[in-house]
Amino acid sequence: MPSVLTTDSFNCELGGKEPWPDDVKLYQPYETEQILLPDMANCLAVQAFLKMCQLDFTVQYKANAEDMSPSGRVPFIKCGACLVSDLEPITNFVASKGVALTDHLDPSQKSDMRTYMSLVNTVLGNAENYITWVENETYSNVTKPRYGSVHPFPLNHILSFLKRQAVTKRLNALGWYRKSLDKVYEEVERACNALSERLGKERFFFGEKPTELDALVFGNIFSILTVPGFPAGLKLAEIVRNNKALMRHCRIIMNLVSRKDNIDNPALHKAFIRQNITFEKAVDSDLDEFVYEESDDDEKLWKDETTQHVQDYSCLVNDENMIYDSLFGKTAQDMELGMLSDQESQV
């Protein structure tokens, strides 16, 4: 059985002194159909950090990654006999192997870095959870379908309900649940301005080298910009997009971690498009595609993910799925009898 990294885990403390192995795996939910904005931000932050450290790892997508995690949160890594989850424990674990991004910082700078990391987690992290789980339109059209997409009916509804209860309870304890949406936007804008002021015209937040703060900020900013959403999420992305310093920083980290997504245009969720926008020459069969983009000659062309403009991340959504149909749906015999009765009625 793998060991879980805790303060009392002797096995992992010994394992931490060994070199970084070649078979490290990072576990997270499926990006295309399942993962939500807060989890996407955390997963990208850890991936960016490991790439900044030039450490080898393989991403493993699991529908039950959240349940597999020792902390109940994603992502987590399996390194030898150790399971380590969340960015801060992972950075400590990596440091125990002699790899750190903060060796060039003095104690005062390290303290400042932790303060800004706390700011990102407290404001951006809570804002992402608020929009994902509290804001009703986003919850109904994005969160609930995606979170339940990998589970059969009625488990998809039950687990979404229980998860929403747990998140809202935590947000309430932190004083975020009863905030208005406008107040959430104000908090995010202030946090972005504080980060922008600290960054200034530099490439990274502390010196000429990236730190885990750069990875954390990138994970959150990039996810807010690229995860398709409804009006609440789009407004959040607009606040970030108006901050030139953070946009420049995001592009720099994108080059470091080899991400080529389009962060300049709003990422509209397909359900939102169907409700609010009428595209010329776009029919339902077109909207089943993955990415949509307008060309210079006003013709609508479907492109690959490198020209991301509109994405549908809920392709597995189906409340009355195959399991439900097999239990309660019409059988072939029922359909045959129905056809016979129709013929008899015509006679």
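Placed above this text is the structure.
Everything in this summary refers to the structure shown in the same document.

Parameters and conventions
- Residues numbered from 1 in each chain as written.
- Predicted model: local features only at pLDDT ≥ 70, side-chain atom pairs only at ≥ 80, totals over all residues.
- Heavy atoms only, no water.
- Helix = DSSP H or I, 4+ residues; strand = E, 2+ residues; numbered from the N terminus.
- Buried < 20%, exposed > 50% of the residue type's maximum accessible area, 1.4 Å probe, protein only.
- Contact = heavy atoms within 4.5 Å.
- Areas by Shrake-Rupley, 256 points an atom, 1.4 Å probe, with all protein chains shown as cover.
- 1 Å grid on protein atoms, 1.4 Å probe; cavity = no way out; pocket = protein on both sides within 12 Å on 5 of 7 lines; lining within 4 Å.
- Points joined across faces, edges and corners; volume = space filled by probe spheres on them.
- Lys, Arg positive; Asp, Glu negative; His and termini not counted.
- Salt bridge = Lys/Arg side-chain N within 4 Å of Asp/Glu carboxyl O.
- Polar contact = N/O pair within 3.5 Å; in protein donor to acceptor, adjacent residues only side chain to side chain.
- Pairing = 2+ DSSP bridges.
- Right-handed = clockwise from strand over helix to strand, strands pointing away.
- Nonpolar A, V, L, I, M, F, W, Y, C, P; charged D, E, K, R; others polar.
- Axes fitted to C-alpha atoms, helices over the stretch in contact; angles between N-to-C directions.
- Parallel < 35°, antiparallel > 145°, perpendicular 65-115°, else oblique.
- Left-handed = near helix turned anticlockwise from the far one by under 90°.

## Things to note about the overall build of the protein
1) Next: Tallying secondary structure elements over the protein gives 15 helices and nine strands in all.
2) Next: Out of the 347 residues belonging to the protein, those deemed buried represent 46%.
3) Next: Sequence-distant contacts, at least 24 apart, represent 71% of the contacts inside the protein between residues at least 6 apart.
4) Next: Of the roughly 18300 Å² of accessible surface on the protein, a fraction of 49% belongs to carbon and sulfur atoms.

## Focus: empty space enclosed by the protein
1) Next: Summed over all chains, the structure comprises two cavities of 30 Å³ or more.
2) Next: Its volume calculated, the second largest cavity comes out at about 40 Å³.
3) Next: Lining the second largest cavity are Leu44, Gln47, Ala48, Lys51, Phe218, Val257 and Arg259.
4) Next: Among the elements that line the lining of the second largest cavity, the one with the most residues is helix α2 (residues 37-52), at four residues.

## Regarding the side chain of Asp214
1) Next: Here Asp214 lies in helix α9 (residues 212-226).
2) Next: The charged side chain of Asp214 is buried without a salt bridge, its nearest counter-charge being Arg203 at 9.2 Å.
3) Next: Engagement of the side chain of Asp214 in a polar contact is seen with the backbone nitrogen of Phe205, the distance being 3.2 Å.
4) Next: Not counting chain neighbours up to four residues away, the residues in contact with Asp214 comprise Met52, Phe204, Phe205, Lys209, His249 and Ile253.

## Examining unusual backbone geometry
1) Next: In this model, Val74 is joined to Pro75 through a cis peptide bond whose omega is 0°.
2) Next: Position of Pro75 among the secondary structure elements: in the loop between α3 (65-68) and β4 (76-79).
3) Next: In this chain, Phe153 is followed by Pro154 through a cis amide linkage whose omega measures 5°.
4) Next: Within the secondary structure layout, Pro154 lies in the loop between α6 (136-147) and α7 (155-173).
5) Next: In this model, Asp86 sits at a positive phi of 75°, which is unusual for a non-glycine residue.
6) Next: For Asp86, a relative accessible area of 18% translates into the label buried.

## Quick notes on the pairing of strand β2 (residues 25-28)
1) Next: Strand direction decides the pairing type here: β2 and strand β3 (residues 58-61), joined by four bridges, are parallel. In the strand pairing of β3, Lys25 is matched with Thr58.
2) Next: Between the parallel pair β2 and β3, the chain is carried across by α2, and the sense of this crossover is right-handed.
3) Next: Where β2 meets β4, three bridges bridge the pair, whose relative direction is antiparallel. Note on β4: the bridge partner recorded for Lys25 is Lys78.

## Re the layout of surface pockets
1) Next: The space that makes up the largest pocket amounts to roughly 1100 Å³.
2) Next: Lining of the largest pocket is provided by 44 residues; of these, Asn42, Asp86, Leu87, Glu88 and Asn121 occupy positions nearest its centre.
3) Next: Mapped onto the lining of the largest pocket, the elements with two or more residues apiece are α2, α4 (87-95), α5 (107-134), α7 and α9.
4) Next: Of the residues forming the lining of the largest pocket, the biggest block, 12 residues, is contributed by α5.
5) Next: Counted by class, the lining of the largest pocket contains 20 nonpolar, 13 polar and 11 charged residues.

## A closer look at the side chain of Ser69
1) Next: Inspection of the secondary structure assignment puts Ser69 in the loop between α3 and β4.
2) Next: At 2.5 Å, the side chain of Ser69 forms a polar contact with the backbone oxygen of Arg73.
3) Next: Once residues within four sequence positions are removed from consideration, Ser69 is found in contact with Phe76 and Ser85.

## Focus on the packing of α5 against helix α8 (residues 181-199)
1) Next: Packing of α5 against α8 leaves a shortest axis separation of 10 Å and a crossing angle of 150°. As far as their axial angle goes, α8 and α5 are roughly antiparallel. For the pair α5 and α8, the sense of crossing is left-handed. Contact with α5, carried on its side by Tyr116, Leu119, Val120, Val123, Leu124, Ala127, Tyr130 and Ile131, involves Leu181, Val184, Tyr185, Glu187, Val188, Ala191, Ala194, Leu195 and Arg198 of α8 and no other residues of that element.
2) Next: Of the residues belonging to the contact of α5 with α8, the class tally is 15 nonpolar, no polar and two charged.

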